[in-house]
Amino acid sequence: MSPLLNEFSNTQIKWQLACHHALEKRSRELPVLMIIGSSGCPHTQALIQTIENDNQLSQLINLHFSSYLVDKYESPQIDEYCQDFHLNFTQSIGAWPLLVLLEPEQLLPFYSTVAFNPTLDLNLYEQLDSIGQIIKQDSRMMRQTALVLQEKFAKQSDIETSNTFSHQPFELSDVVDTFVQLTFGQADLQWGGLMSVPKFPHSTLHQTLLSILVQRRPKYSEDLYQHLMRTLQSLLRTGIYDHLSGGFFRFCHDQHWQHPQFEKSVLDNAQLIIFLTQVAQFNKDAATASSAYETAQWIINNTKDPLTGLYAAAVNQYQSNIEDSGYLIDKEEIKTLFNDDEWSIVNIAFGFDKSPMTSNTWHIQCWFTPEVIAEKLQLPLKQVQYQISPLKEKLKDFRLSKLKLQLSHSLSISTNSKILVALLAVGQLKNDDKIIDAANELDKKIEEKVKLLFNDSQTIELNFESLANFIEAQLTLLQYQWNEQKFKSLIQIIEFTLSNYYVDSKFKTDRNTYPWSFQLVGYDQNNDNPLATFYSSLVTVANLIGHNNHYKECIELAAKNLADFFLHYKLKASSVIKALLQAEKTIILLFGNNIETLEWFEELQDKSLKYTIFRIPLSSSVASSYQVKSACAICTTNDNVQTIETKEKLRELIIQDKI
């Protein structure tokens, strides 16, 4: 049973879990009321409890609606579909808890609202009673409203598309220019990220901006760099980051990144690790690399399911409201743990000199570097650096004694594949064998689950997003260590994916029962579009094996679909831009029986945003396809193959940026 449904299974409302089985049995007469959130979200709990504690409201809902709870981690497609509607319906970015009403025939939404504080923000009884009375008088009204809204949003999208490009031939440079302009139109130039509140750490968006900075220089280089560094500083210094245990919180309620929603999405953290490692490679920043490393350690130590060896979707805490959060620390209570000299450092280093989050509680933040702290306190830098770690551990132990955490056990192939990519990235960056071992162990667990699903013919669980992320993870592993059997298995998975989702020269969905049941080009500024992920991998594999007509056709169609998708969704399609830029990266194949893998990684890692590098033995099938007869290097991109006689010459060309 879902943790969210389990919490409210014995209450006045006849809550059901929004899954396909339950929805198929829904009443076709009563409108559907959905509350989308998670079990560890205090605002979700507060909204449901507000409903439960109002007898009149509970009776009204039971009489007029079919009520469903949606865990955003267990049903991301439903969440995405409803968030998209809310954005069009209200012209504002949605959050959680999201309350949505849908007509019962095709489950088309016709009303939505977000309620952080249901007591202040909503008069639910009046709203739902009015809607219920209208539907009671004319049940066709809700369906007509839903269809009108759907047609209106479609027309708006068409107008935006025609105004932007007016059927001109697609050019990536035009798309990149438009994307950058849109980004700066919504950028928060003081605190980083986007201006909207709640404030999300849109990691895919920032990965895309970094790719543009590297690959499309110099047009936007200075402005992009400053915006990325401003965003990075806010992410690493303020309350969105857990400075004691590691890991990033889901989002913040304020513009300044200080007041977070106290839950951690493991997928979001994996995406942020990838972004942080890319930044660390780009500007050689040790602090950014350390934050990526700490976040990876937090995932490994706190989110693994002991039974399956896979990682959970999220870490939440038991609490009834934000004031009850175990993450908040009482200043007077904490002062008793330190002597005066220690407290002078703690007070400045962890933000206790700032305004409290509630009446007398603080959330740990790190506004200043050790150098600034030493200067403010007029202390030797070495003394501050020496004392910070034990003081931090004491704070951490104190907070852990008050926290009650729970895992959201949605152990999906898709999420774990992204975690694998993140662990590989930070493990190689820090040259940490323990993290690399954790990545290899996770790879085995994911492969076991994939094979089990194939053997049991449970392909319904192997949806397109899971397959796309799994293929990406396997390809990433092959970059670090070539394995002939893994490569052959990868080709089989790609062929399986194409046979199931590429039919009659079109990418098709797997089922059409509900509008959200499978969105081939679903989007989120924080998570990669599955078609974009698959497209990037397919382009890379096509370069590895040599293009064939079938792959070419699929790549061209996918690129067209992604371009069309960007025209409709613009800034929300950041992973599309990233994928199209990825397709332009140079693929470098180093062939030989005695390739110094670590040596080459260290020399080329700062070029990783421009090149994809594989170190492949001469005995491999890929080497045979290139008719390699001796140790040499081959550089290939977009069907153009250039043979370079020595690795030394290749290195010289890369350093001189002539490839």
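Here is what the cut-offs are and how they apply
- Residues numbered from 1 in each chain as written.
- Predicted model: local features only at pLDDT ≥ 70, side-chain atom pairs only at ≥ 80, totals over all residues.
- Heavy atoms only, no water.
- Helix = DSSP H or I, 4+ residues; strand = E, 2+ residues; numbered from the N terminus.
- Buried < 20%, exposed > 50% of the residue type's maximum accessible area, 1.4 Å probe, protein only.
- Contact = heavy atoms within 4.5 Å.
- Areas by Shrake-Rupley, 256 points an atom, 1.4 Å probe, with all protein chains shown as cover.
- Pairing = 2+ DSSP bridges.
- Phe/Tyr/Trp six-rings, centres within 6.5 Å; stacked < 30°, edge-to-face > 60°.
- Core = buried A, V, L, I, M, F, W, Y, C linked by side-chain atoms within 4.5 Å.
- Axes fitted to C-alpha atoms, helices over the stretch in contact; angles between N-to-C directions.
- Expected span 1.5 Å × (residues − 1).
- Arc of directions from axis to C-beta.
- Parallel < 35°, antiparallel > 145°, perpendicular 65-115°, else oblique.
- Left-handed = near helix turned anticlockwise from the far one by under 90°.
- Nonpolar A, V, L, I, M, F, W, Y, C, P; charged D, E, K, R; others polar.

Q: Can you help me understand the overall build of the chain in this one?
A: When helices and strands are tallied, the chain shows 27 helices and 16 strands. Taking all 659 residues of the chain together, the buried fraction comes to 57%. Long-range contacts, defined as pairs at least 24 residues apart, comprise 73% of the intrachain contacts of the chain with a sequence gap of at least 6. Accessible surface, the chain as shown: approximately 28100 Å² in total, 48% of it carbon and sulfur.

Q: Help me understand the side chain of Ser 211, please; the structure alone is not making it clear to me.
A: Of note, Ser 211 is situated in helix H10 (residues 203–215). For Ser 211, a relative accessible area of 8% corresponds to the buried category. Excluding anything up to four places from it in sequence, Ser 211 contacts Arg 216, Lys 578 and Leu 581.

Q: Mind showing me how you'd approach the pairing of strand E4 (residues 98–102) here?
A: Strand residues, when the strand is regular, have side chains that alternate between the two faces of the sheet. Among the 5 residues in E4, 5 count as buried, and that is most of the element. In the sheet, strand E2 (residues 32–37) pairs with E4 via 5 bridges, with the strands oriented antiparallel. Across the sheet, the residue bridging to Val 32 is Leu 102, located in E4. As paired strands, E4 and strand E5 (residues 109–114) are joined by 5 bridges and run antiparallel to one another. Bridge pairing in E5 places Leu 102 opposite Pro 109.

Q: Mind showing me how you'd approach the packing of aromatic side chains here?
A: For any pair of aromatic rings, the description consists of the separation of the ring centres together with the inter-plane angle of the planes. Under the criterion given, the structure shown has 19 aromatic pairs. Taking 5.9 Å as the distance between ring centres and 80 degrees as the angle between the ring planes, the aromatic pair formed by Trp 96 and Phe 200 counts as edge-to-face. Pair noted here: Trp 96 is in the loop between helix H5 (76–90) and E4 and Phe 200 is in the loop between helix H9 (172–186) and H10, with a separation of 104 residues, a long-range link. The pair Trp 96 / Phe 200 is uniform in exposure class, with both members buried. Ring centres of Trp 343 and Phe 352 lie 5.4 Å apart, and the angle between their planes is 40 degrees; this geometry places the pair in the tilted category. In this structure, Trp 343 and Phe 352 share a single accessibility class: buried. Ring pairs connect the aromatic residues Phe 338, Trp 343, Phe 352 and Trp 362, which therefore count as one cluster.

Q: Which parts of the structure should I look at to understand the nonpolar core?
A: For soluble globular proteins, nonpolar side chains are generally found buried alongside one another. Among the nonpolar cores identified, the biggest contains 148 residues, and Phe 352, Leu 395, Leu 423, Tyr 535, Phe 591 and Phe 614 are the most heavily contacted of them. Among the elements that line this core, the one with the most residues is helix H23 (residues 549–569), at 10 residues. Residues contacting Tyr 535, with those up to four places away along its chain left out, are Ile 555, Ala 558, Ala 559, Leu 562, Ala 579, Leu 580 and Ala 583. Counting residues in hydrophobic clusters, the runner-up holds 47 residues, among them Tyr 68, Leu 101, Phe 200 and Phe 251.

Q: Hey, could you run me through the sheet that holds E2 in this one?
A: Across a sheet, strands are paired by hydrogen bonds formed along the backbone, either parallel or antiparallel in direction. The sheet built from 5 strands is open, its strands ordered E1-E3-E2-E4-E5 with mixed pairing. The open sheet is flanked by strand E1 (16–17) and E5, the only strands paired with a single partner. Note: E1 against strand E3 (residues 66–71), 2 bridges, orientation parallel. Bridging from a neighbouring strand, Leu 17 pairs with Leu 69 of E3. Helix-sheet contacts for H5 involve E2, E3, E4 and E5, and the interaxial angle to E5 is about 85 degrees.

Q: Could you clarify how one ought to interpret the side chain of Gln 261 in this entry?
A: Residue placement: Gln 261 occurs in the loop between helix H11 (221–237) and strand E6 (264–265). On the basis of relative accessibility, which here comes to 1%, the residue Gln 261 falls in the buried class. Once residues within four sequence positions are removed from consideration, Gln 261 is found in contact with Cys 41, Pro 42, His 43, Phe 249, Arg 250, Phe 251, Cys 252 and His 253.

Q: What am I meant to see in the sheet that holds E6 here?
A: Spatially, E6-E7-E10 is the arrangement adopted by the 3 strands of the open sheet, whose pairing is antiparallel. Both outer strands of the open sheet, E6 and strand E10 (405–408), are each paired with one neighbouring strand and no more. Pairing analysis gives 2 bridges linking E6 to strand E7 (residues 314–317), with the strands arranged antiparallel. In the sheet register, Lys 264 faces E7, and the bridge partner there is Val 315.

Q: What am I meant to see in helix H24 (residues 574–582) here?
A: Note on helix geometry: an α-helix contains 3.6 residues per turn, so any two residues three or four positions apart are oriented the same way. Extensive coverage of H24 is indicated by the burial of 8 of its 9 residues. All buried positions along H24 are accounted for by Ser 574, Ser 575, Val 576, Ile 577, Lys 578, Ala 579, Leu 580 and Leu 581.

Q: Explain helix H7 (residues 124–137) to me, please; I cannot follow it from the model alone.
A: With 14 residues, H7 should reach 20 Å at 1.5 Å per residue; the first-to-last C-alpha distance of 20 Å fits that figure. Among the residues making up H7, those that are buried are Leu 124, Leu 128, Ile 131, Gly 132 and Ile 135. The buried residues of H7 occupy an angular sector of 100 degrees when the element is viewed end-on, so they sit on one face. Of the exposed residues in H7, those oriented more than 90 degrees away from the buried face are Glu 126 and Gln 137.

Q: Is there a simple way to explain the packing of H10 against H11 in this structure?
A: How two helices sit against one another is set out by the angle between their axes and by the gap between those axes. Put simply, H10 and H11 touch, their axes get as near as 10 Å, and they point 150 degrees apart. Taken together, the axes of H10 and H11 lie roughly antiparallel to each other. As H10 packs across H11, the resulting crossing turns out to be left-handed. When H10 is examined against H11, the residues His 206, Leu 209, Leu 210, Ile 212 and Leu 213 are found in contact with a partner set consisting of Ser 221, Leu 224, Tyr 225, His 227, Leu 228 and Thr 231. Among the residues forming the contact of H10 with H11, the class breakdown is 7 nonpolar, 4 polar and no charged.

Q: Hey, could you run me through the environment of Ala 579 in this one?
A: Topologically, Ala 579 is positioned in helix H24. Each C-alpha atom, one on Ala 579 and one on Ser 536, is 5.4 Å from the other, the two residues being 43 residues apart in sequence. Excluding residues that lie within four positions of it along the chain, Ala 579 makes contacts with Ala 532, Tyr 535 and Ser 536.

Nothing here speaks to function; it is all geometry.
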